Amino acid sequence: MAVPKRKVSKARRDKRRANWKLVIPGMVACPQCQEYKIPHRVCKACGYYKGVEVLKQEA
């Protein structure tokens, strides 16, 4: 099994981990109700997707 010959420095270790950041999903305004939603998903507020009511909203 491979064993490291030298200690990995903190700087080198942290450079490798620099791209592990979490990404906030892009949000867009719903064309029907102007609530923010994730693109290419049904709007949770009004139930519309691409101008068609997909989910029936209960009062």
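Throughout what follows, the structure given in this document is the object of discussion.

**Concerning the overall build of the protein chain**
Next up, step 1: The helix and strand inventory of the protein chain stands at 1 helix and 4 strands.
Next up, step 2: Helices (α) and strands (β) of the protein chain occur, in sequence order from the N terminus, as α-β-β-β-β.
Next up, step 3: The C-alpha atoms of the protein chain give 23 Å as radius of gyration, which overshoots the globular expectation for 59 residues (10 Å, by more than 25%).
Next up, step 4: Overall size of the protein chain, expressed as C-alpha extent along the three principal axes, is 65 × 25 × 20 Å.
Next up, step 5: Within the span of the protein chain, comprising 59 residues, buried residues form 8% of the whole.
Next up, step 6: Partitioning the intrachain contacts of the protein chain with sequence separation of at least 6 by distance along the chain shows that 0% fall at a separation of at least 24.

**Section: the pattern of salt bridges**
Next up, step 1: Here the structure, examined in full by the defined rule, presents 1 salt bridge.
Next up, step 2: Between Arg13 and Asp14 there is a salt bridge, with its nearest N and O atoms 3.0 Å apart.

**Brief notes about a nonpolar patch on the surface**
Next up, step 1: Judged by side-chain polarity, Met27, Tyr36 and Ile38 come together as a nonpolar surface patch covering roughly 330 Å² of accessible area.
Next up, step 2: Residue classification places Ile38 among the partly exposed residues on the basis of a relative accessible area of 36%.

**Brief notes about unusual backbone geometry**
Next up, step 1: Despite not being glycine, Gln34 shows a phi value in the positive range, around 65 degrees.
Next up, step 2: Residue placement: Gln34 occurs in the loop between β1 (28–29) and β2 (36–37).
Next up, step 3: Among the residues examined, Gln34 registers a relative accessible area of 52% and is labelled exposed.
Next up, step 4: Phi is positive for Lys50, close to 55 degrees, though the residue is something other than glycine.

**Observations regarding the environment of Gly26**
Next up, step 1: Of note, Gly26 is situated in the loop between α1 (10–16) and β1.
Next up, step 2: Exposure remark for Gly26: the relative accessible area of 47% places this residue in the partly exposed category.
Next up, step 3: When the C-alpha atoms of Gly26 and Lys37 are compared, they prove to be 8.5 Å apart, with 11 residues separating the residues in sequence.
Next up, step 4: Setting aside anything within four residues of it in sequence, one finds Gly26 in contact with Lys37, Ile38 and Pro39.

Parameters at a glance
Residues numbered from 1 in each chain as written. Predicted model: local features only at pLDDT ≥ 70, side-chain atom pairs only at ≥ 80, totals over all residues. Heavy atoms only, no water. Helix = DSSP H or I, 4+ residues; strand = E, 2+ residues; numbered from the N terminus. Rg over C-alpha atoms; globule rule 2.2 N^0.38 Å. Buried < 20%, exposed > 50% of the residue type's maximum accessible area, 1.4 Å probe, protein only. Contact = heavy atoms within 4.5 Å. Salt bridge = Lys/Arg side-chain N within 4 Å of Asp/Glu carboxyl O. Patch = residues over 30% accessible without salt bridge, like charges linked within 9 Å, V, L, I, M, F, W, Y side chains within 5 Å. Areas by Shrake-Rupley, 256 points an atom, 1.4 Å probe, with all protein chains shown as cover.

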